[in-house]
Amino acid sequence: MPEARAGAAATPAQSGKDTKDDQGTRSPDAGSGAAGRPRRRQARGEARIAQLLEAAAGVFCSSGYNGASTNAIAREAGVSPGTLYQFFPNKEAIAIELGEQLMHRWRETYGAAFVVSHIELPLDRMLDTVLDPLIAFNCENPAFAVLTHGSEIPGVITREHDILHASMLTRTEQLLGAYLPELPADQVARTAAMAFVLFKAGLDLVMEHEGEEREAYIRELKSVMHRYLEPLVCDTPDGVTPARINTP
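Notes on the structure in this doc start here. The shown structure was predicted, so the numbers you read here are calculated from the model rather than taken from an experiment. (Residues numbered from 1 in each chain as written. Predicted model: local features only at pLDDT ≥ 70, side-chain atom pairs only at ≥ 80, totals over all residues. Heavy atoms only, no water.)

### Here's the deal with the environment of Gln 187
Here Gln 187 lies in helix H9 (residues 185-207). When the C-alpha positions of Gln 187 and Glu 173 are compared, they lie 10.0 Å apart, and in sequence the two are 14 residues distant. (Helix = DSSP H or I, 4+ residues; strand = E, 2+ residues; numbered from the N terminus.)

Laid out in structure tokens, this is it:
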């Protein structure tokens, strides 16, 4: 997302020019000073950015995007607002950088979950294998939902999320098409769209709860998905037996 880089203040990792460290002291560029000194300051700057983004995630979750402020994020991170502004010019830049990181990790998560080799599994085990990492990611990163829903979210995040949404739906359709090869293409597309919506709705309920109640809703979500897909596995469209690979 080019906008994320343009919206955020240049960090030591992004610029070869003189920059300031956390105390406001200018650091030499990578080509000057004793060997290793700029790298130590760059690492310190990256650690500070990570600290600010972690604090921002907590503030966005507790206050929402609109209710969050740079002062609150700085306070959560245990730094002064001036230190925050050395790395980010405003709340939007922080949200864009955090959103970019979360969506990158989300791509990696669903990319690993939606692999064709999973069609060798029985339906219940396939659902576990696909859904567990997706659910875990959202539970571990609640700021992801905050930064991907709502009209007030920066447009660059919304556009990137729309692309991810379409990509994930395509991967769902591809996996179901491979799992149910005898199903007509139009029915695969409808089934994928319906399964995708069911998962999103169930995930919202999962995220609203914690502890044992969350685990109960996860089981309910998997049960709903299994009951929806099982007839397609067991029944034969137009009398044709669907190809299945059974594993012990």
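Still to come is the rest of the account.
### Digging into the environment of Gly 82
Mapping Gly 82 onto the fold places it in helix H4 (residues 81-87). Residue Gly 82 is classed as partly exposed on the basis of its relative accessible area, which comes to 41%. Separated by 11 residues in sequence, Gly 82 and Asn 71 have C-alpha atoms that sit 9.5 Å apart. (Buried < 20%, exposed > 50% of the residue type's maximum accessible area, 1.4 Å probe, protein only.)

### As for the pattern of salt bridges
Using the criterion set out here, one finds four salt bridges in the structure. Measuring nitrogen to oxygen at the nearest pair gives 2.9 Å for the salt bridge that ties Lys 222 to Asp 128. Residue Lys 222 is located in helix H10 (residues 211-234), and its partner Asp 128 is located in helix H6 (residues 123-140); the two are separated by 94 residues in the primary sequence. Look at Lys 222 and you get buried, because its relative accessible area is 17%. Between Asp 186 and Arg 190 there is a salt bridge; the shortest N-O distance is 3.7 Å. Note that Asp 186 and Arg 190 are positioned in helix H9 at a spacing of four residues, about one turn of the helix. Given the relative accessible area of 52%, Arg 190 is considered exposed. Sharing partners across several salt bridges, the network here consists of Asp 128, Asp 132 and Lys 222. (Salt bridge = Lys/Arg side-chain N within 4 Å of Asp/Glu carboxyl O.)

### Here's the deal with the packing of aromatic side chains
Inspection of every chain in the model, using the stated rule, returns five aromatic pairs. Note on Phe 60 and Tyr 65: the rings are 5.7 Å apart at their centroids and 35 degrees apart in plane angle, and the pair reads as tilted. Overall, Phe 60 belongs to the buried group, its relative accessible area being 0%. The class for Tyr 65 is buried, based on a relative accessible area of 8%. Ring centres 5.1 Å apart and planes at 40 degrees place the aromatic pair Trp 106 and Phe 137 in the tilted group. Placement of Trp 106 in helix H5 (residues 91-113) and of Phe 137 in helix H6 is noted, with a sequence separation of 31 residues between them. (Phe/Tyr/Trp six-rings, centres within 6.5 Å; stacked < 30°, edge-to-face > 60°.)

### Here we look at H10
The terminal C-alpha atoms of H10, which comprises 24 residues, lie 34 Å apart, in line with the 34 Å expected from a rise of 1.5 Å per residue. Taken as a whole, H10 carries its principal kink of about 30 degrees at Tyr 228; the proline Pro 231 stands between one and four residues after it. What H10 keeps buried is the set Arg 214, Ile 218, Leu 221, Lys 222, Met 225, Leu 229, Leu 232 and Val 233. For H10, the secondary structure elements touched by its buried residues are H6, helix H8 (155-179) and H9. (Expected span 1.5 Å × (residues − 1). Bend = angle between axes of the 7 residues up to and from the residue. Contact = heavy atoms within 4.5 Å.)

### A word on the packing of H8 against H9
Orientation of H8 relative to H9, taken along the N-to-C sense of each, is 125 degrees, at an axis distance of 9 Å. On the basis of the axis angle, H8 is oblique to H9. Between H8 and H9 the crossing geometry is right-handed. Facing His 165, Met 168, Leu 169, Thr 172, Glu 173, Leu 176 and Gly 177 of H8, the residues of H9 in contact are Val 188, Ala 189, Thr 191, Ala 192, Ala 193, Phe 196, Phe 199 and Lys 200. The class makeup of the residues in the contact of H8 with H9 is nine nonpolar, four polar and two charged. (Axes fitted to C-alpha atoms, helices over the stretch in contact; angles between N-to-C directions. Parallel < 35°, antiparallel > 145°, perpendicular 65-115°, else oblique. Left-handed = near helix turned anticlockwise from the far one by under 90°. Nonpolar A, V, L, I, M, F, W, Y, C, P; charged D, E, K, R; others polar.)

### Notes on the nonpolar core
Ranked by internal contacts, the top residues of the largest apolar core, which has 65 residues, are Phe 60, Phe 88, Leu 134 and Phe 199. Looking at this core, the element that brings in the most residues is H5, giving 10 residues. (Core = buried A, V, L, I, M, F, W, Y, C linked by side-chain atoms within 4.5 Å.)

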